[in-house]
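# Coordinate inspection notes
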Amino acid sequence: MDIFAFPPVAFALSATSWFVQAVTNLLDPVTGSLSAALAIVVLTLLVRLLLIPVSISQVKAEWTRRRLALKLRALQRKYKSKPEVLQRKVAALYKAENARPFAGILPTLAQAPVISLVYALFIHGTIGGHANVLLAASLGGVPLGSSFVTVGVTWPGIVVFVGLLSLIALTAWLSRRIALKLALPADDATARVTSALSWLPFITVVFATIVPLAATIYLATTTTFTLVERAILRRRYWGELAL
């Protein structure tokens, strides 16, 4: 079953498509052939701005995990052979600290439908029974419906894709550096796991090579926005929560 064929979802997808087309038409007199690509950037930024409350919740949850990590580790060492006691002590710690063990997870899940809807706009050839006109537009002569895999090293596709993929790779590299810098002191096994997980952002680079160019533009925009957003929110809320 195609979830996007479900009437409420189909309506939301059609409305999103209409919005992007309206922005494209609005920008066209000024930006010409760049209008559709810029409309994707506008939509992505709007969605990310609407999801800032979710990001704030995630950053606060991240701080909570960091703040309690050492105490939790001490409890785990002390009650390693007494799992029932450990469970009670951990629950008591969270209660005493007015924290929740799964804080940030529900907000993260809540944003999934929104992001899925936006992403669907970039990969569906038809929307509302009509051709997805967005995918017929182009950037630098490259159709937004084509991918790096299909375009290959042809000119000017190689320039467009290399530029976007390089931006995504840069944000992935910076994200990995930040993750390693913020990692708490840990034993060798945990440190190896942390190091391995820090490479996960690079999966986006691989993914961006096989999706339509429209989705690649979205990925480049959202990863860059997220990197900057998290730096600002950590500076803002971690300092406040530490007081």
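Definitions and cut-offs
Residues numbered from 1 in each chain as written. Predicted model: local features only at pLDDT ≥ 70, side-chain atom pairs only at ≥ 80, totals over all residues. Heavy atoms only, no water. Helix = DSSP H or I, 4+ residues; strand = E, 2+ residues; numbered from the N terminus. Buried < 20%, exposed > 50% of the residue type's maximum accessible area, 1.4 Å probe, protein only. Contact = heavy atoms within 4.5 Å. Areas by Shrake-Rupley, 256 points an atom, 1.4 Å probe, with all protein chains shown as cover. Phe/Tyr/Trp six-rings, centres within 6.5 Å; stacked < 30°, edge-to-face > 60°. Axes fitted to C-alpha atoms, helices over the stretch in contact; angles between N-to-C directions. Parallel < 35°, antiparallel > 145°, perpendicular 65-115°, else oblique. Nonpolar A, V, L, I, M, F, W, Y, C, P; charged D, E, K, R; others polar. Salt bridge = Lys/Arg side-chain N within 4 Å of Asp/Glu carboxyl O. Polar contact = N/O pair within 3.5 Å; in protein donor to acceptor, adjacent residues only side chain to side chain. pLDDT = per-residue confidence, 0-100. Patch = residues over 30% accessible without salt bridge, like charges linked within 9 Å, V, L, I, M, F, W, Y side chains within 5 Å. Left-handed = near helix turned anticlockwise from the far one by under 90°.

## Comments concerning the overall build of the chain
Across its full length, the chain holds 10 helices and four strands. Put simply, the chain runs from its N terminus to its C terminus through helices and strands in the order α-α-α-α-α-β-β-β-β-α-α-α-α-α. Here the chain holds 243 residues, and 37% of them are scored as buried. Looking at the chain alone, contacts between residues at least 24 apart form 69% of all its contacts between residues at least 6 apart. Surface summary for the chain: the accessible area is close to 14300 Å², and the carbon and sulfur share equals 69%.

## Regarding the packing of aromatic side chains
The tally for this structure, following the rule as stated, stands at four aromatic pairs. For the pair F148 and F161, a centre-to-centre distance of 5.7 Å together with 65° between the ring planes defines the contact as edge-to-face. Remark: F161 occurs in helix α7 (residues 157-182) and F148 occurs in helix α6 (residues 148-151); sequence separation between them is 13 residues. On the basis of relative accessibility, which here comes to 23%, the residue F148 falls in the partly exposed class.

## Things to note about the side chain of T24
Secondary-structure assignment places T24 in helix α1 (residues 7-31). Look at T24 and you get buried, because its relative accessible area is 10%. Excluding residues that lie within four positions of it along the chain, T24 makes contacts with S35, A36 and A39.

## Structural notes on the packing of helix α2 (residues 35-50) against helix α3 (residues 52-78)
Between α2 and α3, the shortest axis-to-axis distance is 4 Å and the interhelical angle comes to 50°. Looking at the two axes, α2 sits oblique to α3. Facing R48, L49 and L50 of α2, the residues of α3 in contact are I52, P53 and S55. Each residue belonging to the contact of α2 with α3 can be placed in one class, and the counts come to four nonpolar, one polar and one charged.

## Observations concerning the pattern of salt bridges
Per the stated rule, a full pass over the model turns up three salt bridges. Between R48 and E229 there is a salt bridge, with its nearest N and O atoms 3.8 Å apart. Residue R48 is found in helix α2, and its partner E229 is found in helix α10 (residues 213-242); the two are separated by 181 residues along the sequence. When sorted by exposure, R48 lands in the same class as E229, which is buried. In this structure, R230 engages E229 in a salt bridge whose closest nitrogen and oxygen atoms are separated by 3.9 Å. Accessibility assignment for this pair places R230 and E229 in one class, buried.

## Remarks on the side chain of T209
Relative to the helices and strands, T209 is located in the loop between α9 (203-208) and α10. T209 gets classed as buried once you look at its relative accessible area, which sits at 18%. Within the local environment of T209, its side chain forms a polar contact with the backbone oxygen of V206, the two atoms lying 2.6 Å apart. Sequence-distant contacts of T209, that is, excluding residues within four places in its chain, are made with S147, F148, V149 and L165.

## Some details on the confidence of the model for the chain
In regions of low pLDDT, the predicted coordinates are not meant to be interpreted in detail. The share of residues in the chain with pLDDT of 70 or more is 89%, and the mean pLDDT across the chain is 85. Across the chain, α2 holds the top mean pLDDT of 94, while helix α8 (residues 188-197) sits lowest at 73.

## Thoughts on the environment of A22
When you line up the elements, A22 lands in helix α1. Remark: the alpha-carbon pair of A22 and A36, spanning 14 residues in sequence, is separated by 9.8 Å.

## Considering a nonpolar patch on the surface
A contiguous nonpolar surface patch, about 370 Å² in accessible area, is contributed by V193, L197, L200 and I203. Mapped onto the secondary structure, V193 falls in helix α8.

## Considerations on the packing of α1 against α2
At a closest axis distance of 8 Å, the pairing of α1 and α2 adopts a crossing angle of 130°. Put simply, α1 runs oblique to α2. α1 and α2 meet at a crossing whose hand is right-handed. Within the contact between the two elements, α1 uses T16, F19, V20, V23, T24, L27, D28 and T31 and α2 uses S35, A36, L38, A39, V42, L43 and L46. Per-class residue counts for the contact of α1 with α2 are 10 nonpolar, four polar and one charged.

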